[in-house]
Each structure stands twice: as structure tokens, then as C-alpha cells.
Amino acid sequence: MVLAATPIGNLGDASRRLVELLGEADLIAAEDTRRLQRLVAGLGVRPRGRVVSYHEHNEAAKTPELVDAVRAGGTVLLVTDAGMPVVSDPGYRLVEAAVAEGLTVTALPGPSAVLTALALSGLPTDRFCFEGFLPRKAGERGQRLSELRGERRTMVFFEAPHRLAAMLRALADAFGADRRAAVCRELTKTYEEVLRASAGELAAWAESSEVRGEIAVVVEGAGEAPPSSMEDLVAEVRSLVAAGTRLKEAVAVVAEGSGTSKRELYAASVAAR
């Protein structure tokens, strides 16, 4: 089985190996078969193998069929709409099942929105982490960002254009408006755009703009921070509670991030009500 990276925008980024495998594979599992048709047409390839859909809604049902094909000796090629399968895209369930049976799984490397955005961000690249999409609900999003506030590595997120303004505002509130960040839009495409500024400035830009396209957000990691006072920690707890998090959960999140006693922080938060 081969996990194949596909272009994230520019068809010219398709590798020779990808073109060959698209034409030679016995079975191609595609996240969106219509997108696959456009890809092979653009590359001038005519697949000789069978094409099946494989996406988040049918992974469980389709995985045994694909594993059977690999077990029978066929070349199964897994592709998603853009970039590398498994990374914030379908494929993990299939890889897990194939590995459990001792079947060979390899990858055809290529374009990656995560690495491209990181390289273009102008932020440190020596240590980084990928966080994918933040939760859509404000309370859950705020809790996740609160957990990440002390993360020292550069962080890479994906976000939908219609949620970008809310995401950046929540990020500025959780990390501080001065935290450096970059919004990377339509990477490798005609209208590629990389905006590098503070989280607060980027939030203001998104709130006043009609943002479109595929988006990755890269955020500077936290620096050394002075110990927070109990008053500051209580304020964080109250902010999470206001966003919809239960008091006990908010206390646990803030206490873990600050190294403070949960019991003491809970008592202080109740007293401050």
C-alpha cells in the first residue's frame, strides 16, 4: 500500500512517481473521486486500476476491502484531496489495520501544507507541532487554546475561511495580542498570500476582510513567562467559564498549565464569584 502526497494547489508540484503510480496502481482509494478525476486529467494520466471513494464517512466500511486488496498482492494507492494522506485527512484507520496484519505500507512523499506554511511563516522551525483544526464551539476552542498557551514550540493550525476571524480573536485572547503569527492562504496557487503580524493585528485584518481559500495559521511558541499570580489564574478560569467551560474543568486546565494546586485554585475561584 502506498500513501501518496498530491499537489496542494499547483499541479506542477506532482512528482514523476505520483504520475506513474496513478497510471499503474491496481486500486486507487480517493477522498473525493471527482477531485481525483480532475487531478489525473490535469496530469494527463489514465488510471488502469479500479477507483473507489475513501473518506471520513466510509472509512470503517471500506478499510477491510482495501486491506484485502493489499493482502492479495495488489498495489493500493491512497490519495486525498491535497497533501499527504493521514495528516488531518483520511487514512489512519487503514494504515493501522494494514500494520496490524504485517502488510507493507510505504509513502510517496510530496507537497505538505503544514511544512510549506511553517517554512514561509518567518517563525522558528527548529521545534514545531501540528494542531490541525481547533474545535468549532467557542468554549471548547478556548479551552484548547488555554491548554496550548504555554507550548514552547511553533504551532501550525488549519482553519476554514469563515471561522478564521473568530479563531484569530480567540488566539489573541488566549496567547496575548502581541504573539507573533502568520496566516498562509492559497499556498502554491495563483493568489498565494502570507500575512505576518501579531495575533491581534491578524484578528483585526480577518474581521474586516472577506477571507477565502485554504488556510494554515502558524503561531510563535511561548517564551519564558513569569509566574502568574493567583488573581491572574482566577481571571483565566473565569474567562473559560464565561466561554462555556464548567468550573471544575476550567480549574483543571489552568492549574495544569501553571503548575498550581487545583484545590487552591478552585477555592480561590469560588471565593471570587
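Going by the structure above, here's the rest.
Rules and cut-offs
Residues numbered from 1 in each chain as written. Predicted model: local features only at pLDDT ≥ 70, side-chain atom pairs only at ≥ 80, totals over all residues. Heavy atoms only, no water. Helix = DSSP H or I, 4+ residues; strand = E, 2+ residues; numbered from the N terminus. Buried < 20%, exposed > 50% of the residue type's maximum accessible area, 1.4 Å probe, protein only. Contact = heavy atoms within 4.5 Å. Areas by Shrake-Rupley, 256 points an atom, 1.4 Å probe, with all protein chains shown as cover. Pairing = 2+ DSSP bridges. Axes fitted to C-alpha atoms, helices over the stretch in contact; angles between N-to-C directions. Core = buried A, V, L, I, M, F, W, Y, C linked by side-chain atoms within 4.5 Å. Phe/Tyr/Trp six-rings, centres within 6.5 Å; stacked < 30°, edge-to-face > 60°.

Novice: Pulling in residues and values, what's your account of the overall build of the protein?
Specialist: Regarding its fold elements, the protein presents 11 helices and 10 strands. For the protein, the C-alpha atoms occupy an extent of roughly 70 × 40 × 30 Å along the three principal directions. Burial status across the protein gives 44% buried among its 273 residues. Within the protein, counting contacts between residues at least 6 apart in sequence, those at least 24 apart form 70% of the total. Working note: accessible area of the protein is about 14300 Å², and carbon and sulfur atoms make up 48% of it.

Novice: Quick one: what's the story with the environment of Arg179, residue by residue and with numbers?
Specialist: Along the chain, the position of Arg179 falls in the loop between helix 7 (164-175) and strand 8 (180-185). C-alpha separation for the pair Arg179 and Asp89, spaced 90 residues apart in sequence, amounts to 29 Å. Arg179 has contacts with Arg149, Met155, Ala197, Ser198, Ala199, Val219, Glu220, Gly221 and Ala222, leaving out every residue within four places of it along the chain.

Novice: Explain the side chain of Thr6 to me, using residue names and the numbers behind them.
Specialist: As for its position among the elements, Thr6 is in the loop between strand 1 (2-4) and helix 1 (16-24). Sequence-distant contacts of Thr6, that is, excluding residues within four places in its chain, are made with Leu18, Leu39, Val79, Thr80, Asp81, Ala82, Gly83 and Pro111.

Novice: An account of the sheet that holds strand 3 (residues 50-53) is requested, with residue identities and associated values reported.
Specialist: Reading across the sheet, the five strands line up as 3-2-4-1-5 and stay open at both edges, with parallel pairing between neighbours. With partners counted over all chains shown, the strands left at the sheet margins are strand 3 and strand 5 (106-108), one partner each. Across this sheet, the average inter-strand angle for adjacent strands is 25 degrees, counted without regard to direction. Across two bridges, the pairing between strand 1 and strand 4 (residues 76-79) is parallel. Paired with Val2 across the two strands is Leu77, which belongs to strand 4. Helix 1 rests against strand 1, strand 2 (27-30), strand 4 and strand 5 of the sheet, and its axis sits at about 115 degrees to strand 5. Contacts from helix 3 (residues 59-71) reach strand 2, strand 3 and strand 4, with the element oriented near 155 degrees to strand 3.

Novice: How would you explain the nonpolar core if you had to name every residue and give the values?
Specialist: If you look at the biggest cluster of nonpolar residues, it comprises 23 residues, and the most contacted ones within it are Phe157, Leu164, Leu168, Val217 and Val219. Val217 has contacts with Met155, Val156, Phe157, Leu164, Met167, Leu168, Ala182 and Val183, leaving out every residue within four places of it along the chain.

Novice: I'd like to hear about the side chain of Thr154, residue by residue, with values.
Specialist: Here Thr154 shows up in strand 7 (residues 154-159). With a relative accessible area of 2%, Thr154 lands in the buried category. Setting aside chain neighbours within four positions, we find Thr154 in contact with Leu118, Leu123, Pro124, Arg127, Phe128, Cys129, Val218, Val219 and Gly221.

Novice: Tell me about the packing of aromatic side chains, residues and numbers included.
Specialist: The geometry of an aromatic ring pair is captured by the separation of the ring centres together with the interplanar angle, meaning the angle of the planes. The tally for this structure, following the rule as stated, stands at two aromatic pairs. Note on Phe130 and Phe158: the rings are 5.0 Å apart at their centroids and 65 degrees apart in plane angle, and the pair reads as edge-to-face. Here Phe130, found in strand 6 (residues 128-133), pairs with Phe158, found in strand 7; they are 28 residues apart in sequence, far enough to count as distant. Of the residues examined, Phe130 reaches a relative accessible area of 28% and is grouped as partly exposed.

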